[in-house]
Amino acid sequence: MFSRCLPIKNQTEDSEDEEKNDHVVLSASSFLLKKKNKSSSLRSSIHNSILETIGQTPIVHLAPNSPMNQTTCNIYLKLESENPGGSIKDRLSMAVIEWAEHFGKLTKGQTVVEASSGNTGIGMAMVCAKKGYPYVCVMSESFSIERRKLMRFLGAKVVLTNPAHKGTGMVIKAKELADKHGYFWPNQFENEANAWIHEKTTGPEILEAFQEASIPMDHFVCSYGTGGTLLGVGRYLRKHSPKTQIHICEPSNAPMLYSDIPTRYPPENSSSSSSSNSSSTSDENGTKQHQYPSTSFESPHPVWRPHLLQGWATDFIPRLVSSATNEKLYDSILHVGGHDAIETAKKLARTEGIFSGTSGGGTLSAALKLAQGLSERSGGKNIVVMIPDTGERYLSTPLFEDIPADMTPEELELAQSTPSTPPPPPALPHVTKQATEWVKKQAESSKVVIFSLEYCEFCWTLTSFLDALGVSYHKIDIDSFIYAKDNIGNYYRAALCEWTSCATFPQFFVAGKFVGGAVDACMMWKKGKLQKMFKKANVKSADGNFNNYSGDPFEFLPKWMTQNPLRSK
């Protein structure tokens with residue numbers, strides 16, 4: 001498999017050899033490593049590609065005895081949310097794609113497929129968008145909805161898998177799709193380019209920052225998902241800062257490393273099948289060959305359980321993590337509960353203004369417990385903590401479960417403490433006979449007519465509702481550009497408002513008769529009145545039965561609207 005047989009550069013080669021192999025240095029890492037003026041800001045530079053802005057993320061100090069850090073240790077947060085795709089996974093996404101390009105494993109226009117809990121998926125969608133590759137992310141349905149939307153916004157497709165199939169099921173599905181359709185599958189759980197990018201960028205960034213500040217780097221704390229950060233940064237620190245203690249975090253209810261039970265991997269020369277079950281086949285000589293569902297595991301890990309830390313510890317120990325274990329790249333294993341991670345992320349936001357997801361909250365929670373122990377004994381007390389992503393991709397998860405969308409009683413009381421004086425209405429010109437005639441002529445031009453504002457959500461409510469019914473209508477956006485000249489749109493608006501005695505939009509007409517606005521139309525449908533009005537005016541849908549619509553028309557009202565019974569809470 002490509003990810004395990006790449007001609008990876010020997011980890012013991014020195015920097016002079018590195019210079020001789022510039023052709024395999026990725027764009028961002030090359031930019032970072034060769035940057036001459038260390039004091040200039042990467043963010044304020046001019047770049048030729050969004051990919052050049054990956055990395056060089058800031059480190060923020062949480063001082064001892066501060067609201068967030070009530071220990072005697074110095075805690076430093078490496079904020080990977082500052083990558084352009086919002087997470088540390090931007091680094092590996094660029095690495096595996098550009099390395100595959102270099103070694104001819106990815107051809108122009110070929111589709112890329114990867115299994116991801118979301119952060120790698122978003123990073124891959126960003127990289128593939130820039131480079132022109134179609135991208136398909138395979139993700140369990142249990143991961144946050146906003147991650148799907150972010151990927152689709154970047155042009156990717158998202159294939160959802162059964163949550164009961166866990167991470168192993170995601171990997172199997174990605175391989176199935178790659179085999180079936182000829183997609184390129186980087187396999188981030190095995191791909192050494194994943195670790196390589198962290199050894200060449202993340203590790204040096206951190207250590208150089210501490211060396212420039214003349215601060216000893218005593219401890220490094222990170223979690224593991226694929227294991228790329230642990231393996232890459234761990235290799236770099238063992239070589240360049242051997243006194244730094246490395247601590248790896250995992251969920252307290254899925255302690256796979258702590259269990260000392262390894263994940264069993266198929267032999268290097270074994271084949272894998274598209275079936276989710278292991279099976280045996282015979283080669284042309286009649287010799288039995290065992291087939292596995294993936295090269296990444298023989299079966300799920302026995303102590304894994306569902307946890308709240310999205311992106312951490314899938315249900316097998318990746319090969320990259322096993323490599324880190326075999327190379328003795330960490331000194332201790334720290335354990336974190338999901339609720340502790342959530343509370344820490346909230347406190348970090350409210351005391352330091354740093355917006356992290358549950359993943360970062362979990363790593364910091366573990367680091368704070370480590371700091372409490374270090375405070376009671378002598379030795380180095382400078383702790384670097386990886387904060388992998390931003391909280392914005394956790395809005396539909398338990399992290400935001402108790403964050404309301406509607407005003408709280410306290411906020412409502414505050415809102416009611418002043419009169420909420422409405423602003424004055426827009427100044428409309430006087431009503432002219434010509435404008436009145438035009439408005440009435442338009443109202444009678446079709447069986448169903450809507451006077452609307454082009455970007456009004458309530459106007460969209462009415463048009464979306466009528467679209468669902470299959471009812472044709474004539475819509476006049478009275479504020480559109482074509483009515484801007486000589487203020488003609490406002491002359492029409494003034495005439496319309498005087499005729500209907502209504503100042504709001506949309507204004508809905510059936511057979512030339514004013515019906516009301518969006519909410520009026522919804523209420524009339526719910527009471528059966530609008531159906532009768534349509535019948536009398538001979539208004540029909542193409543199928544003659546309003547598309548058999550049986551929903552609640554309030555579904556089309558803005559979801560933020562407090563009065564909407566179907567609103568998003």
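Whatever comes next refers back to the structure up there.
A quick note: this is a predicted structure, and the numbers were derived from the prediction, not measured.

1. Considering the overall build of the chain
Phase 1 of the analysis: A count of helical and extended segments in the chain gives 19 helices and 16 strands.
Phase 2 of the analysis: Out of the 569 residues in the chain, the part that is buried amounts to 51%.
Phase 3 of the analysis: Counted over contacts in the chain with a minimum sequence separation of 6, partners at least 24 positions apart contribute 70%.

2. Concerning the environment of Gln 310
Phase 1 of the analysis: Here Gln 310 is to be found in the loop between β10 (288-292) and α11 (319-326).
Phase 2 of the analysis: In the structure, Gln 310 is positioned 47 residues away from Gly 357 in sequence and 8.8 Å away in space, judged by C-alpha atoms.
Phase 3 of the analysis: Residues contacting Gln 310, with those up to four places away along its chain left out, are Ser 142, Phe 143, Ser 144, Arg 147, Ser 359, Tyr 394 and Thr 397.
Phase 4 of the analysis: In terms of polar contacts, Gln 310 uses its side chain to reach the side chain of Arg 147, at 3.3 Å.

3. Thoughts on the sheet that holds strand β14 (residues 474-477)
Phase 1 of the analysis: Strand order across the open sheet formed by 4 strands is β14-β13-β15-β16, with mixed pairing between neighbours. Of all strands in the sheet, those bounded by a partner on one side alone are β14 and β16 (513-516). Strand-to-strand twist of the sheet, defined as the mean angle between neighbouring strand axes without regard to direction, takes the value 25°.
Phase 2 of the analysis: As judged from the 4 bridges shared by strand β13 (residues 448-452) and β14, these two strands associate in the parallel manner. Counterpart to Val 449 in the pairing with β14 is His 474.
Phase 3 of the analysis: Of the strands in this sheet, β13, β14 and β15 (507-510) touch helix α15 (residues 433-443), which is tilted by about 135° from β13.
Phase 4 of the analysis: Helix α17 (residues 488-500) rests against β13, β15 and β16 of the sheet, and its axis sits at about 65° to β15.

4. Considering the packing of helix α12 (residues 338-352) against helix α13 (residues 358-375)
Phase 1 of the analysis: Taken N-terminus to C-terminus, the directions of α12 and α13 make an angle of 95°; their axes are 7 Å apart at the nearest point. In terms of orientation, α12 and α13 fall into the roughly perpendicular class. For the pair formed by α12 and α13, the contact residues are Asp 340, Ala 341, Ile 342, Thr 344, Ala 345 and Leu 348 on the first element and Thr 358, Gly 361, Gly 362, Leu 364, Ser 365, Leu 368 and Lys 369 on the second.

5. Describing the layout of surface pockets
Phase 1 of the analysis: One number sums up the size of the largest pocket: a volume of about 760 Å³.
Phase 2 of the analysis: Considering the residues around the largest pocket, the lining is formed by 45 residues, among which Ser 117, Leu 309, Gln 310, Gly 311 and Trp 312 are closest to the centre.
Phase 3 of the analysis: Looking at the lining of the largest pocket residue by residue, the class counts come to 21 nonpolar, 21 polar and 3 charged.

6. Structural notes on the pairing of strand β12 (residues 382-387)
Phase 1 of the analysis: Most of β12 sits out of view: 6 of its 6 residues are buried.
Phase 2 of the analysis: Here β12 shows a buried face lined by Asn 382, Val 384 and Met 386 and a second buried face lined by Ile 383, Val 385 and Ile 387.
Phase 3 of the analysis: Pairing analysis gives 6 bridges linking strand β2 (residues 74-79) to β12, with the strands arranged parallel. Among the inter-strand pairings, Leu 79 is bridged to a residue of β12, identified as Ile 387.

7. Concerning the packing of aromatic side chains
The geometry of two aromatic rings is summed up by the distance between their centres and the angle between their planes.
Phase 1 of the analysis: Per the stated rule, a full pass over the model turns up 19 aromatic pairs.
Phase 2 of the analysis: Considering the side-chain rings of Phe 465 and Trp 525, the 5.6 Å spacing of their centres and the 85° angle between planes classify their relative orientation as edge-to-face. Within this pair, whereas Phe 465 is found in helix α16 (residues 457-469), its partner Trp 525 is found in helix α18 (residues 518-526), the two being separated by 60 residues in sequence. Residue Phe 465 shares its accessibility class with Trp 525, and that shared class is buried.
Phase 3 of the analysis: Above the face of the Tyr 394 ring, Arg 147 is positioned so that its terminal group lies 4.7 Å from the ring centre.

8. Quick look at the pattern of salt bridges
Phase 1 of the analysis: One pass over the structure, following the stated rule, counts 17 salt bridges.
Phase 2 of the analysis: For the salt bridge of Lys 175 with Asp 179, the shortest nitrogen-to-oxygen distance reads 2.3 Å. Residue Lys 175 and its partner Asp 179 are both found in helix α7 (residues 166-181); the two are separated by 4 residues, about one turn of the helix.
Phase 3 of the analysis: According to the relative accessible area criterion, Lys 175 is buried, its value standing at 9%.
Phase 4 of the analysis: Salt bridges sharing partners connect three or more residues here, namely Lys 78, Glu 80, Arg 91 and Glu 205.

9. With respect to the sheet that holds strand β5 (residues 157-161)
Phase 1 of the analysis: Strand order in the open sheet formed by 3 strands is β3-β4-β5, and the pairing between neighbours is parallel. Among the strands making up the open sheet, the edge pair consists of β3 (112-115) and β5. Going from strand to strand, the sheet's axes swing by 20° on average, the running direction of each strand aside.

10. Digging into the nonpolar core
Phase 1 of the analysis: Of all hydrophobic cores here, the largest spans 56 residues; its most connected members are Ile 75, Leu 77, Met 217, Phe 220, Leu 364 and Ile 383.
Phase 2 of the analysis: Take this core: its biggest share by element is 7 residues, from α13.
Phase 3 of the analysis: Beyond its immediate stretch of four places on either side in the chain, Leu 364 contacts Leu 62, Met 68, Ile 75, Leu 77, Thr 344, Leu 348, Val 385 and Ile 387.
Phase 4 of the analysis: With 43 residues, the next largest nonpolar core counts Ala 100, Met 124, Phe 189 and Phe 316 among its residues.

11. Section: the pairing of β3
Phase 1 of the analysis: Here β3 shows no split at all, with Val 112 and Glu 114 on one side and Val 113 and Ala 115 on the other all buried.
Phase 2 of the analysis: Of the strand pairs in this sheet, β3 and strand β4 (residues 135-140) are connected by 4 bridges, and their pairing is parallel. Along β4, the bridge assignment pairs Glu 114 with Cys 137.
Phase 3 of the analysis: Taking the sense of rotation as the criterion, the β-α-β connection linking β3, helix α5 (residues 119-131) and β4 turns out right-handed.

12. Here's the deal with the side chain of Lys 78
Phase 1 of the analysis: Residue position: Lys 78 is located in strand β2.
Phase 2 of the analysis: Polar side-chain contacts of Lys 78 include one of 2.7 Å to the side chain of Glu 205.
Phase 3 of the analysis: Once residues within four sequence positions are removed from consideration, Lys 78 is found in contact with Thr 57, Pro 58, Ile 59, Arg 91, Glu 205, Ile 206, Val 385, Met 386 and Ile 387.

Conventions used here
- Residues numbered from 1 in each chain as written.
- Predicted model: local features only at pLDDT ≥ 70, side-chain atom pairs only at ≥ 80, totals over all residues.
- Heavy atoms only, no water.
- Helix = DSSP H or I, 4+ residues; strand = E, 2+ residues; numbered from the N terminus.
- Buried < 20%, exposed > 50% of the residue type's maximum accessible area, 1.4 Å probe, protein only.
- Contact = heavy atoms within 4.5 Å.
- Polar contact = N/O pair within 3.5 Å; in protein donor to acceptor, adjacent residues only side chain to side chain.
- Pairing = 2+ DSSP bridges.
- Axes fitted to C-alpha atoms, helices over the stretch in contact; angles between N-to-C directions.
- Parallel < 35°, antiparallel > 145°, perpendicular 65-115°, else oblique.
- 1 Å grid on protein atoms, 1.4 Å probe; cavity = no way out; pocket = protein on both sides within 12 Å on 5 of 7 lines; lining within 4 Å.
- Points joined across faces, edges and corners; volume = space filled by probe spheres on them.
- Nonpolar A, V, L, I, M, F, W, Y, C, P; charged D, E, K, R; others polar.
- Phe/Tyr/Trp six-rings, centres within 6.5 Å; stacked < 30°, edge-to-face > 60°.
- Lys NZ or Arg CZ within 6 Å of the ring centre and 35° of its normal.
- Salt bridge = Lys/Arg side-chain N within 4 Å of Asp/Glu carboxyl O.
- Core = buried A, V, L, I, M, F, W, Y, C linked by side-chain atoms within 4.5 Å.
- Right-handed = clockwise from strand over helix to strand, strands pointing away.

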